[in-house]
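One-letter residues, chain by chain:
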Amino acid sequence: MIVGMWMTRDVATIEPHTLISDAAALMAARRVRRLPVVARQESGQRLVGIVSAKDILHAFPPDVNPFAAVGSDRSPHPAVTAQIMSTTLHTAAPETPIEQAAALMAEKKIGALPVVRDGRLVGLITESDIFRVFVTFFATPHGGARITFDLSQDDRDVFGFISQTALQRNVRVLSLITSRQENVPVCVVRIAGAAVESFLEDLWSSGRRVLHVLRIP
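Residues numbered from 1 in each chain as written. Predicted model: local features only at pLDDT ≥ 70, side-chain atom pairs only at ≥ 80, totals over all residues. Heavy atoms only, no water.

(A) Structural view of the overall build of the protein chain. When helices and strands are tallied, the protein chain shows 6 helices and 8 strands. Moving toward the C terminus, one meets the helices and strands of the protein chain in the order α-β-β-α-α-β-β-α-β-α-β-β-α-β. A compact globule built from 217 residues would reach a C-alpha radius of gyration of about 17 Å, whereas the protein chain, at 24 Å, exceeds it by more than 25%. Across the 217 residues in the protein chain, those meeting the buried criterion constitute 37%. Across the protein chain, every contact between residues at least 6 apart in sequence was considered, and the portion connecting residues at least 24 apart equals 62%. Carbon and sulfur atoms form 53% of the exposed surface of the protein chain, whose accessible area is close to 12700 Å². Seen as two clouds, the 23 positive and the 21 negative side-chain charges of the protein chain have centres 2 Å apart. (Helix = DSSP H or I, 4+ residues; strand = E, 2+ residues; numbered from the N terminus. Rg over C-alpha atoms; globule rule 2.2 N^0.38 Å. Buried < 20%, exposed > 50% of the residue type's maximum accessible area, 1.4 Å probe, protein only. Contact = heavy atoms within 4.5 Å. Areas by Shrake-Rupley, 256 points an atom, 1.4 Å probe, with all protein chains shown as cover. Lys, Arg positive; Asp, Glu negative; His and termini not counted. Charge placed at Lys NZ, Arg CZ, Asp CG, Glu CD.)

Take a look at the structure:
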């Protein structure tokens, strides 16, 4: 899984000279929380900054709502986005593994990464996109099951057992993911097919250490 498979390609953008009020209106209209700031060139849109809804709110007095349909007469002359945009940019490339993008967003506590190629903006990967990836990894079809193995006390080949038993029972292995939960190594497997119950019976007989089984009726 790479960023280019999940990123938003139709990205709303603004330019450095865009008024803050116009940026706020665009955010409200597109229902987005951030806008990449670009300089338009013949070769495409060169990323120069990013503006978030929080940046816009901080640019206005506390009693003025920049996202209101009608602005306040007491608001100062609108500033341009170049004055409030962040130029310290964390970005991804279309070929960046999705887990690396997610790790960077978590480390930097940011909700999105502009996706660039040769300095040109080609997309945006957001936390919502990451959630969609997560759902596809763990969504189990009706009639399937999700099994979580504890690997801390079992160094036997779990994949070997799963693949052999699935072949014998004609059960499909949809995914196999290894991770750590509170420093405990675990393996999460999703299976589906008419003989899932038989597969589970073989599992109980095998003596494998299982933390949880989620059966989807």
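Following the structure, the description resumes.
(B) Spotlight on the environment of G143. Along the chain, the position of G143 falls in the loop between α4 (127–138) and β5 (145–150). The spacing of G143 and A194 is 51 residues in sequence and 7.4 Å in space, taken between C-alpha atoms. Not counting chain neighbours up to four residues away, the residues in contact with G143 comprise G193, V196, R215, I216 and P217.

(C) Focus on α4. With 12 residues, α4 ought to run about 16 Å at 1.5 Å a step, and its terminal C-alpha atoms sit 17 Å apart, in line with that. All of the buried residues in α4 are D129, I130 and V133. What you see down the axis of α4 is that its buried residues fit within an arc of 100°, all on one side. Among the exposed residues of α4, those oriented more than 90 degrees off its buried face are F131, F134 and V135. (Expected span 1.5 Å × (residues − 1). Arc of directions from axis to C-beta.)

(D) Focus on the pattern of salt bridges. A full pass over the atoms with the stated rule returns 9 salt bridges. R30 is the salt-bridge partner of D10, the closest N and O atoms lying 3.7 Å from each other. Remark: R30 occurs in helix α1 (residues 20–30) and D10 occurs in the segment before α1; sequence separation between them is 20 residues. Residue K108 is joined to E107 by a salt bridge in which the shortest nitrogen-to-oxygen separation is 3.9 Å. Judged by relative accessible area, which is 36%, K108 ranks as partly exposed. (Salt bridge = Lys/Arg side-chain N within 4 Å of Asp/Glu carboxyl O.)

(E) Layout of the sheet that holds strand β6 (residues 172–181). The antiparallel open sheet is built from 4 strands, whose spatial order is β6-β7-β5-β8. Two strands close off the open sheet at either side, each with one partner strand: β6 and β8 (210–215). On average, adjacent strands in this sheet sit at an angle of 15° to one another, irrespective of strand direction. The pairing of β5 with strand β7 (residues 184–192) spans 6 bridges and is antiparallel. For R146, the partnering residue across the bridge sits in β7 and is R190. Against the sheet, α4 makes contact with β5, β6 and β7, and its axis sits at roughly 70° relative to β7, the strand it touches most. On top of the sheet, helix α5 (residues 158–169) reaches β5, β6 and β7; it is set at about 160° to β6, its chief contact. (Pairing = 2+ DSSP bridges. Axes fitted to C-alpha atoms, helices over the stretch in contact; angles between N-to-C directions.)

(F) Structural detail: the side chain of T13. Tracing the backbone shows T13 in the segment before α1. Of note is the side chain of T13, whose polar atom sits 3.4 Å from the side chain of R40. A polar contact is formed between the side chain of T13 and the side chain of Q45, at a distance of 3.2 Å. Every residue in contact with T13, bar those within four places of it in the chain, is listed here: L26, P36, V38, R40, Q45 and L121. (Polar contact = N/O pair within 3.5 Å; in protein donor to acceptor, adjacent residues only side chain to side chain.)

(G) Highlighting a nonpolar patch on the surface. Judged by side-chain polarity, M1, I2 and M5 come together as a nonpolar surface patch covering roughly 280 Å² of accessible area. Here I2 shows up in the segment before α1. (Patch = residues over 30% accessible without salt bridge, like charges linked within 9 Å, V, L, I, M, F, W, Y side chains within 5 Å.)

(H) Inspection of the layout of surface pockets at higher detail. By volume, the largest pocket amounts to about 400 Å³. What lines the largest pocket is a set of 17 residues, among which R34, I50, S52, I110 and G111 lie closest to the centre. Elements represented by at least two residues in the lining of the largest pocket include exactly β2 (44–52), α2 (53–59) and β3 (112–117). Partitioning the lining of the largest pocket into residue classes produces 7 nonpolar, 5 polar and 5 charged. Listing elements by their share of the lining of the second largest pocket, those giving two or more residues are β1 (34–41) and β4 (120–126). Class assignment of the residues belonging to the lining of the second largest pocket gives a composition of 5 nonpolar, 3 polar and 5 charged. (1 Å grid on protein atoms, 1.4 Å probe; cavity = no way out; pocket = protein on both sides within 12 Å on 5 of 7 lines; lining within 4 Å. Points joined across faces, edges and corners; volume = space filled by probe spheres on them. Nonpolar A, V, L, I, M, F, W, Y, C, P; charged D, E, K, R; others polar.)

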